[in-house]
Amino acid sequence: MTVALSSREIASQLSSKFPGAIEAAGNDSVLVKSDSLVQVAAYLKDTDGLKFAYLNYITAVDYYSYFEVVYQLTSLEHNRSVILKTRCYGRDNPSVPSVTSLWQGADFQEREIYDLFGIKFEGHPNLKRIFLWDGFPGYPLRKDWNQ
Amino acid sequence: MAIIDLVINRRLSLAALPPDWPGNNYWWHWLFFTIVLIAFVLVMVMGAIYIERRAMGRMQSRLGPNRTGPFGLLQPVADAVKVMLKENIVPDNADKIVHWLAPVIAFAPVLMIFAVVPFQNGALLADLNIGILYIVAISSISTVGVFMAGWSSGNKYSLLGAMRNVAAVVSYEIPLVLSIVGVVLVAGSMSLNTIVLKQDIPFILLQPLGFLIFFAAACAEINRSPFDLMEADSEIVAGFHTEYSGMKFAMFYLVEYAEAIAMSAIITTIFLGGWRGPLLPPWLWFIVKTFIVFFVMVWTRTTLPRVRIDQLMALAWKFLFPLALINLFVTAVQVLVWPDALPWTAVYINIAIMIILIFLWSRFFKLGWGRVEI
Amino acid sequence: MTTTQEMTLNTEPFVVNIGPVHPSTHGVFRMRCKLDGEVVIDIEPVFGYLHRGIEKLAEERTYTGFIPLTDRLDYISPMSNNLGYCLAVEKLAGIKVPERAEYIRVIMAELQRLANHCVAVGSMLNDAGAYFTPFMYTFRERERIIDLFDMVCGQRLTYNYMRIGGVSQDIPAEFLPALEKVVKRLTKFLKEYERLLKQNEILLARAKGVGILSKELAINCGISGPVARASGIKWDLRKADPYSIYDRFEFDIPTGENGDCYDRYRVRIEEMTQSLRIIEQASKQIPGGPIKADLPHIIYPPAGEVYAHIEAPKGELGFYIVSDNSIAPYRCHVRPTSLINLAALRQMVKGWKIADLILIFGSIDITMGEVDR
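Reading the values: rules and limits
- Each chain carries its own residue numbering, running from 1 in the written order of its sequence.
- All chains are assigned letters beginning at A, and all ligands numbers beginning at 1, according to the order in which they are written.
- pLDDT decides what is reported in this predicted model: residues at 70 or higher carry local features, side-chain atom pairs at 80 or more are listed and counted, and totals for whole chains, interfaces and linings draw on all residues regardless.
- To get the side-chain values, all heavy atoms of the structure are used, and hydrogens and water are removed first.
- Going along the chain from the N terminus, every DSSP run of H or I of four or more residues is numbered as a helix, and every run of E of two or more is numbered as a strand.
- The globule rule is 2.2 Å times the number of residues to the power 0.38, and the radius of gyration it is compared with is taken over C-alpha atoms.
- Burial classes follow relative accessibility: with a 1.4 Å probe on protein chains only, a residue under 20% of its type's maximum area counts as buried, one over 50% as exposed, and anything between as partly exposed.
- Accessible areas in this description were obtained via Shrake-Rupley with a 1.4 Å probe; residue shielding takes into account the shown protein chains only.
- For this analysis, residues touch if any pair of their heavy atoms sits within 4.5 Å.
- When two components associate, each loses some accessible surface as probed by a 1.4 Å sphere; the sum of these losses over both components is called the buried area.
- Each reported salt bridge corresponds to a side-chain nitrogen of Lys or Arg within 4 Å of a carboxyl oxygen of Asp or Glu.
- For the purposes of these results, a polar contact is taken to be a pair of N or O atoms within 3.5 Å, where, inside protein, one atom must be able to donate a hydrogen and its partner to accept one; residues adjacent in sequence count only when each atom of the pair is a side-chain atom.
- DSSP-based pairing: two strands are paired if at least 2 bridges between them are found.
- A fitted line through C-alpha atoms represents every axis, and for helices the fit uses only the stretch in contact; the resulting angles, taken between N-to-C directions, go from 0 to 180 degrees.
- Ten residues, namely Ala, Val, Leu, Ile, Met, Phe, Trp, Tyr, Cys and Pro, are considered nonpolar, four, namely Asp, Glu, Lys and Arg, are considered charged, and the remaining ones, Gly among them, are considered polar.
- These descriptions rest on fixed angle ranges, namely under 35 degrees for roughly parallel, over 145 for roughly antiparallel, 65 to 115 for roughly perpendicular, and the rest for oblique.
- Defined by distance alone, a disulfide is two cysteine sulfur atoms within 2.5 Å.
- Each residue carries a pLDDT score, the predictor's confidence in it, ranging from 0 to 100.
- Stacked, tilted and edge-to-face are the three classes assigned to paired rings of Phe, Tyr and Trp, where Trp is represented by its six-membered ring and a pair needs centres within 6.5 Å; plane angles under 30 degrees give stacked, over 60 edge-to-face, the rest tilted.
- A ring has a charge above it when a Lys NZ or an Arg CZ is no more than 6 Å from the ring centre and no more than 35 degrees off the ring normal.

Undergrad: So what exactly am I meant to see when it comes to the overall build of chain C here?
TA: Check the secondary structure of chain C and you find 16 helices and eight strands. The globule rule puts the C-alpha radius of gyration for 373 residues at 21 Å, and the 22 Å found for chain C is close to it. With the C-alpha coordinates of chain C rotated into their principal frame, the extents come out at 90 × 50 × 35 Å. In chain C, which comprises 373 residues, the share counted as buried stands at 65%. Carbon and sulfur atoms form 53% of the exposed surface of chain C, whose accessible area is close to 13000 Å².

Undergrad: Before we go on, may I ask you to explain the overall build of chain B in this structure?
TA: A tally of helices and strands in chain B yields 15 helices and zero strands. By residue count, 51% of the 374 residues in chain B fall in the buried class. Of the contacts made within chain B by residues no fewer than 6 positions apart, 79% connect residues no fewer than 24 positions apart. Within the structure as shown, chain B displays about 17900 Å² of accessible surface, and the carbon and sulfur contribution to it stands at 74%.

Undergrad: Is there a simple way to think about the interface of chain C and chain B in this case?
TA: It is common to give the size of an interface as the accessible area lost on bringing the parts into contact. Listed by partner, the interface residues are 40 residues for chain C and 32 residues for chain B. Roughly 3100 Å² is buried in total at the junction of chain C and chain B, and carbon and sulfur atoms are behind 60% of that figure. The largest per-residue losses of area from chain C upon contact with chain B belong to Tyr131, Ile202 and Lys353 of chain C, which jointly make up 20% of the total buried on that side. Here chain C is connected to chain B by two salt bridges. A salt bridge links Arg308 of chain B to Asp356 of chain C; the nearest nitrogen and oxygen atoms lie 2.9 Å apart. Connecting chain C to chain B are ten residue pairs in polar contact (both at pLDDT 80 or more). Among the secondary structure elements, those contributing two or more residues to the side of chain C that touches chain B are β1 (14-18), β3 (39-46), α5 (99-127), α6 (133-153), α8 (201-207) and α15 (354-364) of chain C. Considering every element that reaches the side of chain C that touches chain B, the biggest residue donor is β1 of chain C, with five residues.

Undergrad: How should I be thinking about the sheet that holds strand β7 (residues 315-323) of chain C in this particular structure?
TA: Sheet strands line up and pair through hydrogen bonds in the backbone, either parallel or antiparallel. Residue and element names in this part refer to chain C. Read from one edge to the other, the open sheet built from three strands follows the order β6-β7-β8, with strand pairing classed as antiparallel. Edge positions in the sheet fall to β6 (304-312) and β8 (331-335), since each has one partner strand and no second. Between one strand and the next, the sheet's axes are offset by a mean angle of 10°, whatever the strand orientation. Pairing analysis gives five bridges linking β7 to β8, with the strands arranged antiparallel. Bridge assignment links Ile321 to a residue of β8, and that residue is Cys332.

Undergrad: So what exactly am I meant to see when it comes to the pattern of salt bridges here?
TA: Opposite charge on two side chains permits pairing when their charged atoms draw close. Residue and element names in this part refer to chain C. Considering all chains together, one arrives at 44 salt bridges over all chains under this definition. One salt bridge connects Glu192 with Arg140, and the closest N-O pair in it is separated by 4.0 Å. In this pair, Glu192 is assigned in helix α7 (residues 175-197) and Arg140 in helix α6, connecting sequence segments 52 residues apart. Overall, Glu192 belongs to the partly exposed group, its relative accessible area being 26%. Take Arg140: its relative accessible area is 23%, and that puts it in the partly exposed class. For Arg277, the salt bridge goes to Asp252, with nearest N and O atoms at 3.2 Å. Residue Arg277 is found in helix α12 (residues 261-285), and its partner Asp252 is found in the loop between α11 (237-240) and α12; the two are separated by 25 residues along the sequence. Assessed through its relative accessible area of 29%, Arg277 is described here as partly exposed.

Undergrad: Please clarify how the interface of chain A and chain C should be interpreted in this entry.
TA: Listed as interface residues are 40 residues of chain A and, on the opposing side, 39 residues of chain C. Per-residue buried area on chain A facing chain C is highest for Gln104, Phe108 and Phe131 of chain A; these three make up 21% of the total on that side. Scanning the region where chain A abuts chain C turns up four salt bridges. Here Glu305 of chain C ties to Lys85 of chain A by a salt bridge, and the two come within 2.4 Å at their closest N and O atoms. Linking chain A to chain C there are 22 residue pairs in polar contact (both at pLDDT 80 or more). When residues of the side of chain A that touches chain C are traced back to their parent elements, those giving at least two are β4 (54-62), β5 (66-75) and α3 (106-117) of chain A. The element that contributes the greatest number of residues to the side of chain A that touches chain C is β4 of chain A, accounting for nine residues. A per-class count over the side of chain A that touches chain C returns 23 nonpolar, nine polar and eight charged.

Undergrad: Looking at this structure, I do not really get the side chain of Ser158 of chain B. What am I missing?
TA: By secondary structure assignment, the location of Ser158 of chain B is in helix α7 (residues 156-187). Excluding anything up to four places from it in sequence, Ser158 of chain B contacts Gly150, Ser153, Gly239, Phe240, Thr242 and Glu243 of chain B.

Undergrad: Would you explain the sheet that holds strand β2 (residues 30-36) of chain C in this entry?
TA: Residues and elements named next belong to chain C. In spatial order, the strands read β1-β2-β3; together these three strands make up an open sheet with antiparallel pairing. Looking at strand neighbours, the two that pair on one side only are β1 and β3, the edges of this open sheet. Direction aside, neighbouring strands of the sheet carry axes that sit 25° apart on average. Direction of pairing for β1 relative to β2: antiparallel, over a ladder of five bridges. Following the sheet pairing, Ile18 is matched in β2 by Met31. Its contacts with the sheet place α15 against β1, β2 and β3, and it is angled at close to 150° to β2.

Undergrad: Help me out: how do you make sense of the environment of Lys56 of chain C in this one?
TA: Among the structural elements, Lys56 of chain C can be located in helix α2 (residues 54-58). Expressed as a C-alpha distance, the spacing of Lys56 of chain C and Tyr330 of chain C, which sit 274 residues apart in the sequence, is 9.7 Å. Aside from chain neighbours lying at most four places away, what touches Lys56 of chain C is Pro140, Leu141, Arg142 and Trp145 of chain A. Engagement of the side chain of Lys56 of chain C in a polar contact is seen with the backbone oxygen of Pro140 of chain A, the distance being 3.0 Å.

Undergrad: Please explain the packing of α6 of chain C against α7 of chain C as it appears in this structure.
TA: A pair of packed helices is characterised by two quantities: the angle between their axes and the separation of those axes. Residue and element names in this part refer to chain C. Two numbers describe how α6 lies on α7: the axes approach to 11 Å, and their chain directions differ by 170°. With respect to α7, the axis of α6 lies roughly antiparallel. For the pair α6 and α7, the contacting residues are Pro134, Tyr137, Thr138, Arg140, Glu141, Arg144, Ile145, Leu148, Met151 and Val152 in the first and Phe175, Ala178, Leu179, Val182, Arg185, Leu186, Phe189, Glu192, Tyr193, Leu196 and Leu197 in the second.

Undergrad: How should the pairing of β4 of chain A be read in this particular structure?
TA: Moving residue by residue along a regular strand, the side chains alternate between the two faces of the sheet. Residues and elements named next belong to chain A. Counting buried residues in β4 gives nine out of nine residues, a clear majority hidden from the surface. Alignment of β4 against β5, held across eight bridges, turns out to be antiparallel. By the bridge assignment, Ile58 is partnered in β5 with Tyr71. Between β4 and β5, which pair antiparallel one after the other, the connecting turn spans three residues, and Tyr64 there sits at a positive phi close to 65°.

Undergrad: How do you make sense of the state of the cysteines when you look at a structure like this?
TA: Among covalent bonds in proteins, the disulfide is the one between the sulfur atoms of two cysteines. All names here are of chain C. Summed over all chains, the structure comprises zero disulfides over all chains. This cysteine, Cys221, is not joined by any disulfide, and Cys261 carries the nearest cysteine sulfur, 16 Å off. Residue class for Cys221 comes out buried when judged on its relative accessible area of 1%.

Undergrad: Sorry if this is basic, but what is going on with the confidence of the model for chain C here?
TA: Interpreting fine coordinate detail is not advised for predicted regions of low pLDDT. Residues and elements named next belong to chain C. Looking at chain C as a whole, its pLDDT mean stands at 86, while 98% of the residues score no less than 70. Averaged pLDDT values over the elements of chain C bottom out at 56 in helix α1 (residues 4-7) and peak at 90 in helix α10 (residues 225-230). Two summary scores accompany this predicted model of the complex, namely pTM at 0.85 and ipTM at 0.87.

Undergrad: What am I meant to see in the packing of aromatic side chains here?
TA: For any pair of aromatic rings, geometry is given as the distance between the ring centres together with the angle between the planes. Throughout the structure, instances matching the rule amount to 34 aromatic pairs over all chains. Centre to centre, the rings of Tyr63 of chain A and Tyr66 of chain A are 5.5 Å apart; their planes meet at 40°, and the pair counts as tilted. The exposure class of Tyr63 of chain A is partly exposed, given its relative accessible area of 21%. Between Phe108 of chain A and Phe47 of chain C the ring centres are 5.0 Å apart and the planes differ by 80°, which places this aromatic pair in the edge-to-face class. You can see Phe108 of chain A sitting in helix α3 and its partner Phe47 of chain C sitting in the loop between β3 and α2, one on each of two chains. Here Phe47 of chain C falls in the buried class, since its relative accessible area comes to 5%. The rings of Tyr103, Tyr243, Tyr246, Phe249 and Phe251 of chain C are connected pair by pair, giving a single aromatic cluster. Against the face of Tyr137 of chain C rests Arg140 of chain C, its NZ or CZ located 4.8 Å from the ring centre. Directly above the aromatic system of Phe251 of chain C lies the positively charged group of Lys239 of chain C, at a separation of 4.4 Å from the ring centroid.

Take a look at the structure:
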């Protein structure tokens, strides 16, 4: 059974490792500051005992005042999963560091989020629109998008 | 100037015919049989299309065409009418003249093959004493047409298909010819009529390995599955005739089936005893045998996946070519050393040799080379 | 004196667009291939020809109203999509599903897996150049399964059968006998199919060792389903995170060793056998009772977020739903199995020939409805 590892446990482990990087820890998710996202993700991916090597999906949610980018990681070894979240503020030019250096599977999904939410992923090797054409007005999955 | 001289000489020579001229009826004979041959080929192609579609339908657990006429017999006619009425589309960046010429060049040689195929004892347009050489020479000309089509279409799929076809034909010509040479050695003649007359035992029994090699090479040469790379529909859409439509496409369609029929007819003639057979009239035997061979081609088409281009080349050069050489050598020794051996002994020996060779050779033979490092 | 540069022919790679209209791109997928003769140097997948904005549409529909749209995601296996979405909403709202409905769902999901693998295997072999014969054979068998679906929900392609808290209608009385017949038929068919193709020399030459996907790369790319299992990852959500009632059935997880096209083909065939096992067990154990939880027509799940995933035929299909206690999802994200499974395509095809490219692509088994959404 994929047990969501108590995120408080992970959060305490992470905050001792990366002081100041963890903003909050919910029941099954850890909220990370966006500038330390890649380090935290790398730590979760490679540390023995955690080994969250499998990135299930990346998605984003528009909460008006901020965008939340959601990463679900699974440890195939230990059969556990954790949700990693990060926030980016501002509607004009929101940006989050890219995790494509860690997971190749993030490539298309980050492009998709860029396409539909307009969130820039810094460090992404090929950040182009994926579904919509270049020059499409606006970002359709944003809550304030109008046809 | 040379051409004018030739024409003048020709006009003069009409008055004084050469001594070996076959008589005043020659032109009538020629015209009549040419028309008969073209009609025959067209009808055979229609039959082949019908057989292919129905047989494939049966083998693929579906019905196949059954609406036009009784048992769908008129389906090829309907197809032909449809394809002729279609618009002729020429791509903008096509090489127009070559694009137009390609189907014709591909089509003509296929008809020419039938000139030397005997339908009955002596019933052939031209009993050439080099019949087999003629066939080998003519049959590869249509590749030029195919390559012209691929090149002139201005389409990358077409070009790829044409390239594949040229590669395949160039490679498979060699085992094809070598396996025929075995037959020529046994028969002692290159005339197809004589070869048929010599077949008291069909040469498929005397030359089993030669037959297999010839069949495989012929399938590759006319691009029948599993060697249908030049029009591999799942990879390069329709290969060289991607950009053809209407009547020109019909020509290529015709070529495809006429080639298959031609190869079946040649296999029938040189391996299966041609028109010889009990009870039925000879020409019927010939047609029946041709369609049986064609049916086997349909059968392989529905059964086997397609090989890859490097595997195709490997099969030709590493497998068929050496085996054809060995077969030629063995046949030559047999003909030289035991010219009067009992034919049935030779049959058993040759079948044994074939089985041993195929099993041995396939042991140390690798199909293709796989991935290329970039 | 001539230099070597003058002597050599100047060659350059040429670019071919495979798709969006191509016989074997399984929809409107497009690959910009850079070719050196027959060899694929590089490809760039181009998506978006079937983008319908399903995630946006979800925000404008009620929770129940989105179910028909899930059919359109992976239109080869709509039942699984229904199941995945319903599970997510049930998890969000804390709804208990009646026993009978759970069994019906499992039977449908496994039948759907069979149908999907029929299409996958058939079309993969069609891509390999077996001219439509395996395709027609597998479609013949898929037809029987579709007849069963037709029997329960009256649809043949977009079933829209499952509901939040159960299924839309009970299975008719003649369903279980018909199911038994189909299971028997499929068992026989699988044997026949194995006999025809398992040791086919050309298939072995074409598929063995071709398009190898290493275990590490598969994990790194988030690849799931039969493709991942063929690479030797023993990961099946039915075992690893048993949803619905999968913990009650006995079945194995077939895995491959090399991660080549042949392994992917084998894993699918083996999975079909396992699915038949599950269906046999489920159809024996199925209890009576209600088929739908007692729910209002419009549900207002509590605010919160949830991720539920199932082992769909193509891999992990997940729904990430954020609720704000209103009539419609605040955000509904579909984890697109097909899109993520394509992540490693580039590495898999580099250096192979065009023919292999088509075969490798076919062996991944994607549906454009799910890639583009």
